[in-house]
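What the coordinates show
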Amino acid sequence: MNFLRGVMGGQSAGPQPSGAETVQKLCDRVASSTLLEDRRDAVRALKALSKKYRLEVGSQAMEHLVNVLQTDRSDSEIIGYALDTLCNLISNEVEEEEPADESEEENVQKTSSEDLAGQFAEIYIKQQENLTLLLSLLEEFDFHVRWPAVKLLTALLKNQGPQVQQIILVSPMGVSKMMDLLADSREVIRNDGLLLLQQLTKANAAIQKIVAFENAFERLLDIITEEGMSDGGIVVEDCLLLLLNLMKNNSSNQNFFKEGSYIQRTKPWFEVAEDNSGWSAQKVTNLHLMLQLVRVLVSPVNPPGATSSCQKSAFQCGLLQQLCTILMATGVPADILTETINTVSEVIRGSQVNQDYFASVNAPSNPPRPAIVVLLMSMVNERQPFVLRCAVLYCFQCFLYKNQKGQAEIVATLLPATIDANSISAGQLLCGGLFSTDSLSNWCAAVALAHALQDNSIQKEQLLRVQLATSLGNPPVSLLQQCTNILSQGSKEQTRVGLLMLLSTWMTNCPIAVTHFLHNQTNVPFLTAQISENLGEEEQLVQGLCALLLGICIYYNDNSLENYTKEKLKQLIEKRIGKEIFIEKLAYISKHELYSRAGQKPQPSYNSPEHMLFDHDFTKLVKELEVLITKAVQKSSEDEKKEEEVKKSLEQHDSIVNQYKELIREQDLQLNELKKQVTALTNQNEHSQTTITQQASQIQQLRDQYNLLKIQGKPLDSQHHIHNEAAQINGIQPKDTEEIGRLQEEIEELKKQHVVLEGQLAEKEFEINKLRAAQSTGNLAEVGTEIVSDQPTDQLKLVSTAEALVRDNDSDSAATKTAQLENRLSVLDDENKMLKDQLKMLTEEKKSLDQQLASTNSTIAILETDKRKLQQEVTESKKEQDDLLVLLADQDQKIFGFKNRLKELGEPVEDEDDLESADQEDDDDDDDDPN
C-alpha cells in the first residue's frame, strides 16, 4: 500500500518517478497481482492518472484494461474503474468544456487531443471482440457498469462512427441492447442512452430502420409526452434530434411513422396558449425541432406519393389547422414564426385540399383578413426580418404550386371588375411591392406574381387586362408596359432581375403577350441596346436576361406584327449584336454562381438580401428555354420553312393517328360488348348443358312410356300429357361415339313414329269426313259398315261405336241419333287436334336432335385434329430422343478415345467399371463387417 500512497500523492524522499514510470508500475501491478483488491487499487490509480497522463495510460494500459473487463467480470467496482479509464482516454469531454476564447496554441492542443482520442478508439475497436464485450456489459444492471459502458460506446461512435456501426450491425442483438437503455428507470442512463442512439443512427440507413422497428417511435413519443412536450427540458430536445436522425432521408422510416398513426400524436405539440409571452430558450429550441420533424415528413425532396400521403394525414388529424393557429397567433417568437411559415408551406405544397383550406384561413383582426393577405403585407414590408420575408415568399409559392384555382383567385384581385376599394387584396399588395422603392420588395413581388402565371396560359392572358393609374391626368397604362418602363429607368440590379424574370415567365408560351410586348416600339431597341453594350461584370446577368427575353420574343412569335416577325428579329440580332455574342450573353445566366444554388431546392435560402437574384422555378425555365432559343436564333429561314412543313405534316399525321385512335376506341368498346355477350352465351350454354345432362336419364323412360301407351291403346290425352313433359327436354350433349349412335337410332325411330302418326291422322280425317257426309244424308248404317271394313284392328272401339249407332237408328228417333253423332264428331275432332300437336312436338324434337348430332360431329372433328397434332408431337419427340442417343454415343466414343490417349501418355485414368467394382468391394466389406 505504500506504493499506492506514493502514486496517489504521498510524500517520499528522493527523486519522484515520472508519469510514464508510474503508469508502467501500475500496469505491471494490474497484470501480475493475484489479489483482486490490488488490481482494483491499481486500476483506480490509472483512472486518476488517465486525464493528466493520457498518452502514457492509453499506450501502456489499454490492453490490461481490456483484460480486466474480460477476467474480472464478477467485480462490478473494478469493471467500472476500467470503463471510466477507457472513457477518459477516448472521449473529448474535457476539451469541449474549455472556454470559447482560446489562443492559437490551445486550439492546436485541442486538435492534437482529438486526434489522440481517435487513435485510441481505433486501437480499441481493432479487435472486434472488444466492442462485443462492451455490448455485453450494457446488459449489466449495476449502475457503475452500465453507465460508463454507455458513455464509452458514445465516445467510440463519435470518433470511429462508421467502423463501430458496422461491427454493431453484425453483432447479435446489438441494437436491441442499446434500445433497452430507453426503458431504464434511472434517468441519467436513459438520457445518455438517447445520446448514444443519436450517434449510432447518424448517416446509417440500415441501423435507422432497425432502431425504428425496435419500437423507437413509440418509446420516444412517450418520453416526449412524459417530459411535457414543448415545455420539456433537454431530454425532449434529445428525443427530437433522435427522431430527426431516424427519418431524415429515410423514406422507409417516414412511411412507418405515417402508417403507425404517429403523425396524429404530434398535434398536441403545437397547442399554444393565448398569451405567448415569456417563451424559454429551451421551449423555442424544442418547438423548432418539432417543426423540422414535420417538414421532414412533407419535404419536396421526398417521393411524391409519400409526401402527399403525409400531407393528407396532417390535414385529417388537424395538424395543419394547429399550425395555422400558431401562424396567426400573437407573441410568437420571430424564429418560431418563420419556421412555422416554412412548415405550413411544405404541408400545403401541391395538395389541393390543403391549399384550399389555407386560402380560407383568416387572421384574428377586425375586420378579418385572409392569412395570405397578412403574410404578403409582411413580405413587402422592408422593416420585417429578411428570413421572415423569404419564408412568406416560399409560402406564397407553395400555395400556388400546381394550384390553378389559387392562381386565378390571385390574378382576379388585379382585374378591374373585381377590385374592392374598401379592402386590401393580394393583387394590390403585389403591385405595391412591384413598384416600391425597396429592391427586395420589387424582387419578391415580381417572383410571387410570376408564380401566379406559372404554367397557366389563361391567367397570362388575363393579366394583360390589368391597367395601372400612374399619376393624375395621365391615362392608365398596362401592367406589362409599366414593367418595361421601370426597366428602362435603370433601377437597381435586383429590381431589374425580378422584372425580367416576371416578363420572361409571362411571355413564355403566350404569343398574345409577346405581341403586346412588341407592339411598344421602344422595347426591342431597349433590349438590343442592353445586350450589345460593353458593361461591367455586374451587369452581365441583366444582359443575359435581356437576351433571354428577346429570344422568347423570337421563339413564341406568331408573326402578327409585320415589323417584328421572327425573321426580322433574327436579322436585327445578327446586325446589331451578332449571333455568337447573343448566345454567349444568353449562356451567362446558367453560369452565374447563384444560379446553381437556387436550383438545388424550392425554398429560397440566402445569407443576405443582395444574393436574392434567382428563383428555383425560373432556373428550370431557363434550362428549357436556353436550348430552344439557341436553335431558333441559329436557324435560317429555309430551315424554318422546312420545319413548318414538317410540323404541318406531323399535324396531319397526328390528326390521322387521332382518327385511328377514335376508331380503335370504338372497336374496343364493341369488342368489350361482344366479349360480354360471349360470356353470357357461354354461361347460358353451360346452364343448358347442365339441364340436358340432368334430363338425359328421363328421355328413354318417356319414350318407353310413349311406346307402351301406344301399344296398349291408352287414351290420347294421357299420351299428350307424357309428350308435353318430353317437350321440355332440349336434347342430350353427346360425350362419346356410343352416345352418337344411340341418338341416331332414336332419330330413325322417331322418323318411323312420325310416318305412322301421319297415316293415322289421314285415316282419322277420312273417317270424320265420312261421318259428316252420313249425318247430312242419314245413311248411318252404311257409314258404319264402311268404317268397320276400313278400320284397322287397333280401332275396334270406333267400329263398335258405329254399329251401335246403326242399331240405335232402328229404334230411336232421328233427333237423338243426330245428337249422338255430333258428340262423337267433336270427340274425333279433339283427338285429331291432339294428334297434330303430338306430330308437331315430335318434329321439333327431331330438329333438336339433328342439331345436337351436327354439334357432336364438329366436336369429334376437333378432337381428331388435336389427336393428329399430339401424334405428330410424339413422333417429333421420339426423333429428338434418337438424335440425343446418337450424340451421347458419339460423346462416349470421344471420351473413350481421350482416355486411351491419356493412358498412352502415362496419365492414370480411372474407368467407370473400375470405380463401380471398387464401390462394390466397399459394399461387400461393409456387409462382412459384423459391427
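The structure under discussion appears in the preceding block.
Quick caveat: nothing in here was measured; it's all calculated off a predicted structure.

1. Notes on the overall build of the protein chain
Secondary structure summary: the protein chain contains 43 helices and 4 strands in total. Expressed as a percentage of its 931 residues, the buried residues of the protein chain come to 43%. If you take every contact in the protein chain between residues at least 6 apart in sequence, the share linking residues at least 24 apart comes to 70%. A total accessible area of about 50300 Å² is found for the protein chain, and carbon and sulfur atoms account for 51% of it.

2. Comments concerning the side chain of Thr-307
Looking at the element boundaries, Thr-307 is found in helix H18 (residues 304-316). Look at Thr-307 and you get buried, because its relative accessible area is 9%. The contacts of Thr-307, once residues within four sequence positions are left out, are Leu-297, Val-298, Ser-299 and Asn-302.

3. Notes on the packing of aromatic side chains
Scanning the entire structure with this criterion turns up 11 aromatic pairs. Their ring planes at 90° and their centres at 5.1 Å tell us that Phe-217 and Phe-257 sit as a pair that is edge-to-face. Separated by 40 residues along the polypeptide, Phe-217 in helix H14 (residues 216-226) and Phe-257 in helix H16 (residues 251-259) bring together distant segments of the chain. When sorted by exposure, Phe-217 lands in the same class as Phe-257, which is buried.

4. Quick word on helix H30 (residues 511-519)
One turn of an α-helix holds 3.6 residues; hence residues three or four places apart share an orientation. Residues Ala-513, Val-514, Thr-515, Phe-517 and Leu-518 constitute the buried set of H30. Packing partners of the buried residues in H30 comprise helix H28 (479-488), helix H29 (493-507), helix H31 (523-532), helix H32 (540-555) and helix H33 (566-577).

5. Here's the deal with a negative patch on the surface
Residues Glu-873, Glu-876, Glu-880, Asp-882 and Asp-883 make up a contiguous surface patch of negative charge. Considering the arrangement of structural elements, one finds Glu-876 in helix H42 (residues 814-904).

6. Considerations on unusual backbone geometry
With a phi angle near 60°, Met-173 is a residue other than glycine that sits in the positive phi range. By the element assignment, Met-173 lies in the loop between helix H10 (161-170) and helix H11 (174-179). Residue Met-173 is classed as exposed on the basis of its relative accessible area, which comes to 55%. One non-glycine residue, Ser-261, adopts positive backbone phi at about 60°. Tracing the backbone shows Ser-261 in the loop between H16 and helix H17 (281-297).

7. Comments concerning the side chain of Arg-54
Along the chain, the position of Arg-54 falls in helix H4 (residues 54-71). For Arg-54, the side chain forms a polar contact with the main-chain oxygen of Leu-89, separated by 2.9 Å.

8. Details of the pattern of salt bridges
Side-chain pairing between opposite charges can occur once the charged atoms of the two side chains come close. Scanning the entire structure with this criterion turns up 22 salt bridges. Residues Glu-77 and Arg-44 are paired through a salt bridge, measuring 3.7 Å at the closest nitrogen-oxygen approach. Here the residue Glu-77 occupies a position in helix H5 (residues 76-90), and Arg-44 occupies one in helix H3 (residues 36-49), the gap between them amounting to 33 residues. Among the salt bridges present, the one from Arg-496 reaches Glu-539, with a minimum N-O distance of 3.0 Å.

9. Here we look at the environment of Val-145
Within the secondary structure layout, Val-145 lies in helix H9 (residues 143-159). Overall, Val-145 belongs to the buried group, its relative accessible area being 4%. When the C-alpha atoms of Val-145 and Ser-76 are compared, they prove to be 6.2 Å apart, with 69 residues separating the residues in sequence. The contacts of Val-145, once residues within four sequence positions are left out, are Ser-76, Ile-79, Leu-83, Leu-137 and Glu-140.

10. Quick word on the packing of H32 against helix H34 (residues 579-591)
It is the contact of H32 with H34, at a shortest axis distance of 7 Å, that shows an interaxial angle of 115°. Classed by the angle they form, the pair H32 and H34 counts as roughly perpendicular. Here H32 runs over H34; the crossing is left-handed. Where H32 abuts H34, its residues Gln-540, Leu-541, Gln-543, Gly-544, Leu-545, Ala-547, Leu-548, Leu-550 and Gly-551 lie against Phe-582, Lys-585, Leu-586, Tyr-588 and Ile-589. Class assignment for the residues of the contact of H32 with H34 results in 9 nonpolar, 4 polar and 1 charged.

Basis of the calculations
- Per chain, residue numbering runs from 1 following the sequence as it is written.
- Reporting in this predicted model follows two pLDDT cut-offs: at least 70 for local features of residues, and 80 or more for side-chain atom pairs to be given and counted; totals over whole chains, interfaces and linings ignore these cut-offs and use all residues.
- Side-chain descriptors were evaluated using all non-hydrogen atoms of the structure, hydrogens and water having been removed beforehand.
- Helix numbers and strand numbers start at the N terminus; a helix is a DSSP run of H or I with at least 4 residues, a strand a run of E with at least 2.
- Each residue is assigned to one of three classes by its accessible area relative to the maximum for its type, calculated with a 1.4 Å probe on protein chains only: buried under 20%, partly exposed between the two thresholds, exposed over 50%.
- Note on definitions: a residue-residue contact is assigned when non-hydrogen atoms from the two residues lie within 4.5 Å.
- Only the protein chains shown count as covering a residue, and every accessible area follows the Shrake-Rupley method with a 1.4 Å probe.
- Note on ring pairs: Phe, Tyr and Trp rings are taken, using the six-membered ring of Trp, and paired if centres are within 6.5 Å. Classes follow the plane angle, with under 30 degrees stacked, over 60 edge-to-face and the rest tilted.
- Residues forming no salt bridge and having over 30% relative accessible area are the ones grouped into patches, like charges within 9 Å of each other and nonpolar side chains (Val, Leu, Ile, Met, Phe, Trp, Tyr) within 5 Å.
- Basic side-chain nitrogens of Lys or Arg form a salt bridge, by our definition, when they fall within 4 Å of a carboxyl oxygen of Asp or Glu.
- In this tally, Asp and Glu contribute negative charge and Lys and Arg positive charge; neither His nor the terminal groups of the chain are included.
- The atoms used to mark charge sites are NZ of Lys, CZ of Arg, CG of Asp and CD of Glu.
- Throughout this description, a polar contact denotes any pair of N or O atoms lying within 3.5 Å of each other; where both atoms belong to protein, one of them has to be capable of donating a hydrogen while the other can accept it, and for residues adjacent in sequence the pair is counted only when both atoms sit in side chains.
- For every element, the axis is a line fit to its C-alpha atoms; helices are fit only across the contacting stretch, and the angle between N-to-C directions ranges from 0 to 180 degrees.
- Each angle gets one of four labels, with under 35 degrees taken as roughly parallel, over 145 as roughly antiparallel, 65 to 115 as roughly perpendicular, and the rest as oblique.
- Each crossing gets its handedness from the near helix: less than a right angle anticlockwise from the far helix is left-handed, clockwise is right-handed.
- Residue classes follow a fixed rule: Ala, Val, Leu, Ile, Met, Phe, Trp, Tyr, Cys and Pro count as nonpolar, while Asp, Glu, Lys and Arg count as charged, and any other residue, Gly among them, counts as polar.

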